[in-house]
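A look at the structure
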Amino acid sequence: MKISHTVYVIVFIVTLNFFGIHSDGKMKSDKAQKIKLPPCRACKAFVESFNRGVERTAKFKFEGGDTAWEEKNLGSYSNSEVRFVEIQEKLCSEVVEGKDQCYQLLEQYDEALEIWWFKKQKAEPDLAKHLCIDNFEVCCPEFHYGSNCTPCNGFPDNICNKNGKCKGSGTRKGNGKCFCDNGYTGDYCDICADGFYNSYKDDKKILCTPCHKSCDGKCTKSGPEGCQKCKDGYLENKDRGCADVNECLMGKAPCTSTQFCVNTEGSYRCLDCHQSCLGCAGDGPDECINCAPGYTKKEKLCVNVEEEEKKSYISTIRYVTYLGLCVCTYIILQKNVTIAAIVGLCVAIYITLSEYVANYLLAHRNADLKDQLTQQLNKAFGGS
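These lines cover the structure that appears in this document, whether it is placed above or below. Treat the numbers as computed from the prediction; the structure is a model and nothing was measured.

1. A short note on the overall build of the chain
Each helix and strand counted, the chain has 8 helices and 14 strands in total. Put simply, the chain has 384 residues, and 29% of those count as buried. Split by element, the accessible area of the chain, about 26300 Å² in all, is 56% carbon and sulfur.

2. Describing the pattern of salt bridges
Per the counting criterion, the structure on display carries 7 salt bridges. The partner of Asp100 in a salt bridge is Lys34, and the shortest N-O contact between them spans 3.8 Å. Pair noted here: Asp100 is in helix α5 (residues 99–120) and Lys34 is in the loop between α1 (5–33) and α2 (39–56), with a separation of 66 residues, a long-range link. A relative accessible area of 29% places Asp100 in the partly exposed class. Given the relative accessible area of 58%, Lys34 is considered exposed.

3. Considering the environment of Phe196
With respect to the secondary-structure elements, Phe196 resides in strand β7 (residues 196–201). Judged by its relative accessible area of 17%, Phe196 falls in the buried class. With 14 residues separating them along the chain, Phe196 and Asn182 place their C-alpha atoms 9.5 Å apart.

Calculation notes
- Residues numbered from 1 in each chain as written.
- Predicted model: local features only at pLDDT ≥ 70, side-chain atom pairs only at ≥ 80, totals over all residues.
- Heavy atoms only, no water.
- Helix = DSSP H or I, 4+ residues; strand = E, 2+ residues; numbered from the N terminus.
- Buried < 20%, exposed > 50% of the residue type's maximum accessible area, 1.4 Å probe, protein only.
- Areas by Shrake-Rupley, 256 points an atom, 1.4 Å probe, with all protein chains shown as cover.
- Salt bridge = Lys/Arg side-chain N within 4 Å of Asp/Glu carboxyl O.

Put into structure tokens, the structure is as follows:
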């Protein structure tokens, strides 16, 4: 059986994509492992890798089979040289970012790591503190910063009034200044930023809450009444504060002649009129101010002239057909009442079904039109 040329092409393209994807993934992996991390972060990544090795070997034991003899003659596996070597064998292997740097640190930290494992592990169980802070001095304790590990402002339990972070915290870098959370400002994050107001304050805490959406900048309390200045789309009201402006009722129409205006909070939207309208007050063919070319008014609706002519023609033919059937029934009635009754019944059923189908199709056409309008409104206002 011969394989077509198209199949060969597809196989070739799939193969190229497969190797392209894997090649791209390998390039990203190689790039990630060559990244050089800041000293403190690199040391912590090294310690995390070692701690994962400790977890991995937690249930290991000597492989001799006689646990009691091994414990008696070789000592406990938990702090043995065998376990230390097994941890080192896979150290840094699972690191993604800065893998090359991690292997370099293994050479640099090897002696200090070995001393900690065999001599200081029980007295100093925190390896990160032993290596990164005390021995190699690339990190600081939490909420300390800089070369001398200076305490952050508000240390220990009120750093930046609990409304921000200390720059350089935990590293030998940074200046210790407060990087404030959203809504706070000041050297110590103890002032409410523009767009927020002071909703609570005591000796130890300040709580800043967002102003009402109608406020432009500062406010003094919640709601539109607290605004010091109103945003565009709002007007200052003596009793209600910043009140929404209904742009749709302003003197100059904000939308084009083929659109209608819908007011929104602080703004407005322009939506397209129905295709049958030339100017409208809302959605649907019943809201037209004037009818578009090719449409005419009929019972307050703008309807398609051509479709109306077709419907009128079809209706005329239908009613003529009904009349013809009735005449035939009458003629038959003169000759045979029984047959005439049967024919009359069939004619009545035919007329009833015809009218039902016609009305059903018309109702579904109007329903489809309503769905289209609903979709347009949902799309305009971000609905689903």
